[in-house]
Protein chains: 2
Amino acid sequence: MPSSITSHHESSTRQRIVEAADALFYQRGFEKTSFADIAGQVKLSRGNFYHHFKTKDEILSAVIELRAAHTQAMLEHWTASEETPMARLGCFAEMLIRNRKDIQRYGCPVGTLCAELAKLEHPAHGEAGMIFGQFRHWLREQFMALGRRADADVLAMHLLSRSQGIASLANAFHDETFIRREVAQIHDWLLTLHPEEPAARRRAKTSNPPKP
Amino acid sequence: MPSSITSHHESSTRQRIVEAADALFYQRGFEKTSFADIAGQVKLSRGNFYHHFKTKDEILSAVIELRAAHTQAMLEHWTASEETPMARLGCFAEMLIRNRKDIQRYGCPVGTLCAELAKLEHPAHGEAGMIFGQFRHWLREQFMALGRRADADVLAMHLLSRSQGIASLANAFHDETFIRREVAQIHDWLLTLHPEEPAARRRAKTSNPPKP
């Protein structure tokens, strides 16, 4: 089945292009990265490269799609691996520490791409913003599960905002202590929102009715 | 005195170039802005332009110098126009509301330039970061005046970080309500730090000694 082999090979070449572009857009910025830079990383001839992508905007769309898929997988992993919404929100905050080296060097991949595309008035600005939307939606779900139905979206935006600010200043000052301190403050803040699990509270109410 | 007229004219041409570049770097980004874009804005011939600046990096240095001078003037204005450190810190927070239109469209001028220069590994990244340093230093002074000597720098970085996060998400979501809500939260947070002015407290202590 040579055709299926070819098609598999083509798809993996495409994948390699998108992954190389993903890294370069993050590390150097979208505007600065050229076709030649990406082709150089994946060691492709110009002809082979054009077979997969005709414009840098097509690559950008594929990169945003890849990032959205990675984000979705990460959020689903946090949902599956942690039992409580509080622990899941903690995973979000810890992401800043886990990615601290890259954040100090290149900032947040979502925030810096959105900011660049806004300035370029690039039509993909909305698509890139959808990745923030994925985080916002997931965070809102966790705050709702925490029993904060009324202000879940306000809290989601606040937490997303805190994480963006940390990434921005960590990038400007290259200060790991600052990241760790701010993440610890986020954990403290989360605990003030809801010290107990709603399920535990309901159980407590049922088993210990107030004495008359 | 024709020479003095010429020199004044030259200096104002230089000033116009730097101001045009300042706006373009903010609105489009540094990498995207070309010599031709800047010359077009100030309606200068290539020769006249090169008389003032030979490279885009020279213009960048002049833009950062201009922004640092504007920042210094703004901070000094806040210091002079407000009597209490709490009111001055309020000015800092209100800046997000005052500049909300530009922030929603182009993000924070300091944060987005720093982020871009970090990715470009541009030697001026440190210079641009000094503008964050100016804010940090001034905020630290206000927190110290508020009687928070021990954690003044931690609080300064926290407030700077909150403002950066707000700018980043306001730019991504174009949401003015979000900006106003987060700024109100910053005012609330400031009040929890120190509900009274130290001077007022001292006066209160002197005039109302505790009854035995």
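Keep in mind that this is a model prediction, so the values were computed, not measured. (Residues numbered from 1 in each chain as written. Chains lettered and ligands numbered in written order. Predicted model: local features only at pLDDT ≥ 70, side-chain atom pairs only at ≥ 80, totals over all residues. Heavy atoms only, no water.)

Side note on the nonpolar core
Here comes step 1: Among the nonpolar cores identified, the biggest contains 128 residues, and Phe143 of chain A together with Phe143 of chain B are the most heavily contacted of them.
Here comes step 2: When sequence neighbours within four positions are dropped, the list of residues in contact with Phe143 of chain B reads Leu89, Arg148, Ala152, Leu155, Ala156, Leu159, Trp189, Leu190 and Leu193 of chain B. (Core = buried A, V, L, I, M, F, W, Y, C linked by side-chain atoms within 4.5 Å. Buried < 20%, exposed > 50% of the residue type's maximum accessible area, 1.4 Å probe, protein only. Contact = heavy atoms within 4.5 Å.)

Some remarks on the interface of chain B and chain A
Here comes step 1: With 39 residues of chain B at the interface, the matching set in chain A holds 39 residues.
Here comes step 2: For the pair chain B and chain A, the summed buried area comes to about 3300 Å², and 59% of that belongs to carbon and sulfur atoms.
Here comes step 3: For the pair chain B and chain A, the interface holds 4 salt bridges.
Here comes step 4: Two residues, Glu121 of chain B and Arg105 of chain A, come together in a salt bridge whose shortest N-O distance is 3.4 Å.
Here comes step 5: Elements with a minimum of two residues in the side of chain B that touches chain A: helix H1 (2-28), helix H6 (100-106), helix H7 (109-119), helix H8 (125-145), helix H9 (152-173) and helix H10 (176-193) of chain B.
Here comes step 6: Here the side of chain B that touches chain A takes 14 residues from H9 of chain B, the largest share from any one element.
Here comes step 7: Tallied by class, the residues present in the side of chain B that touches chain A amount to 16 nonpolar, 13 polar and 10 charged. (Buried area = accessible area lost by both parts, 1.4 Å probe. Salt bridge = Lys/Arg side-chain N within 4 Å of Asp/Glu carboxyl O. Helix = DSSP H or I, 4+ residues; strand = E, 2+ residues; numbered from the N terminus. Nonpolar A, V, L, I, M, F, W, Y, C, P; charged D, E, K, R; others polar.)

Section: the confidence of the model for chain A
Residues and elements named next belong to chain A.
Here comes step 1: Per-residue confidence for chain A gives a mean pLDDT of 90, with 87% of residues at or over 70.
Here comes step 2: With pLDDT under 50 throughout, residues 200-212 is counted as low confidence; its partners more than four residues away or in other chains account for 2 contacts.
Here comes step 3: Interface predicted TM-score (ipTM) for the complex: 0.87; the corresponding pTM is 0.88. (pLDDT = per-residue confidence, 0-100.)

Details of the environment of Gly90 of chain B
Residue and element names in this part refer to chain B.
Here comes step 1: Following the sequence through the fold, Gly90 ends up in helix H5 (residues 85-98).
Here comes step 2: Residue Gly90 is classed as buried on the basis of its relative accessible area of 9%.
Here comes step 3: Counting along the chain gives 84 residues from Gly90 to His174, while the straight-line C-alpha distance between them is 23 Å.
Here comes step 4: Those residues in contact with Gly90, other than ones at most four positions away along the chain, are His187 and Leu190.

Points about the pattern of salt bridges
Residue and element names in this part refer to chain A.
Here comes step 1: Considering all chains together, one arrives at 20 salt bridges over all chains under this definition.
Here comes step 2: Of the charged contacts in the structure, one is a salt bridge between Asp22 and Arg67, with a shortest N-O distance of 2.7 Å. Residue Asp22 is found in helix H1 (residues 2-28), and its partner Arg67 is found in helix H4 (residues 56-81); the two are separated by 45 residues along the sequence.
Here comes step 3: You can call Asp22 buried: its relative accessible area is 17%.
Here comes step 4: Each of Arg100, Lys101, Glu176 and Arg180 takes part in salt bridges that share partners, so that together they form one network.

Overview of empty space enclosed by the protein
Here comes step 1: All chains considered together, the criterion is met by 2 cavities of 30 Å³ or more.
Here comes step 2: Considered as a void within the structure, the largest cavity measures approximately 440 Å³ in volume.
Here comes step 3: Thr112 and Ala115 of chain A together with Gly111, Thr112 and Ala115 of chain B are, among the 33 residues lining the largest cavity, the residues nearest its centre.
Here comes step 4: Among the elements that line the lining of the largest cavity, the one with the most residues is H7 of chain B, at 6 residues. (1 Å grid on protein atoms, 1.4 Å probe; cavity = no way out; pocket = protein on both sides within 12 Å on 5 of 7 lines; lining within 4 Å. Points joined across faces, edges and corners; volume = space filled by probe spheres on them.)

Concerning the domain arrangement of chain A
Residue and element names in this part refer to chain A.
Here comes step 1: Taken domain by domain, chain A consists of domain 1 (1-54) and domain 2 (65-207).
Here comes step 2: Taken together, the contact pairs 10 residues of domain 1 with 13 residues of domain 2.
Here comes step 3: Overall, the association of domain 1 and domain 2 removes approximately 940 Å² of surface from exposure, summing both partners, and the carbon and sulfur fraction of that is 62%.
Here comes step 4: It is Asp22, Tyr26 and Phe30 that lose the most area in domain 1 upon contact with domain 2, and together they represent 63% of the buried surface on that side.
Here comes step 5: Run the count over domain 1 and domain 2 and you get 5 residue pairs in polar contact (both at pLDDT 80 or more).
Here comes step 6: Here the residues of the side of domain 1 that touches domain 2 are counted per class, giving 4 nonpolar, 3 polar and 3 charged. (Domains from an automatic or database assignment. Polar contact = N/O pair within 3.5 Å; in protein donor to acceptor, adjacent residues only side chain to side chain.)

Some thoughts on the UniProt feature "DNA-binding region" (unreviewed entry) in chain A
Here comes step 1: In this structure's numbering, the residues bearing the UniProt feature "DNA-binding region" (unreviewed entry) are residues 34-53 of chain A.
Here comes step 2: Between the end C-alpha atoms of residues 34-53 of chain A the distance is 13 Å, and the span holds 75% helix and 0% strand. (UniProt positions renumbered as here; feature names shortened; annotations may be inferred.)

Considering the packing of aromatic side chains
All names here are of chain A.
Here comes step 1: Using the criterion set out here, one finds 16 aromatic pairs over all chains in the structure.
Here comes step 2: Measuring from ring centre to ring centre gives 5.1 Å for Phe25 and Phe30, while their planes differ by 80°; the resulting arrangement is edge-to-face. Of the two residues, Phe25 and Phe30, neither departs from the other in class, the shared state being buried.
Here comes step 3: These aromatic residues form a ring-pair network of at least three members: Phe35, Phe49 and Tyr50.
Here comes step 4: A cation sits over an aromatic face here: Arg162 above Trp189, 5.8 Å from the ring centre. (Phe/Tyr/Trp six-rings, centres within 6.5 Å; stacked < 30°, edge-to-face > 60°. Lys NZ or Arg CZ within 6 Å of the ring centre and 35° of its normal.)

A closer look at the packing of helix H4 (residues 56-81) of chain B against H5 of chain B
Residues and elements named next belong to chain B.
Here comes step 1: Two elements in contact, H4 and H5, have axes separated by 9 Å at closest approach and are oriented at 130°. By the angle class used here, H4 and H5 are oblique. The hand of the H4/H5 crossing is right-handed. Residues Met74, Trp78 and Thr79 of H4 form the contact with H5, whose participating residues are Arg88, Cys91, Phe92, Met95 and Arg98.
Here comes step 2: Counted by class, the contact of H4 with H5 contains 5 nonpolar, 1 polar and 2 charged residues. (Axes fitted to C-alpha atoms, helices over the stretch in contact; angles between N-to-C directions. Parallel < 35°, antiparallel > 145°, perpendicular 65-115°, else oblique. Left-handed = near helix turned anticlockwise from the far one by under 90°.)

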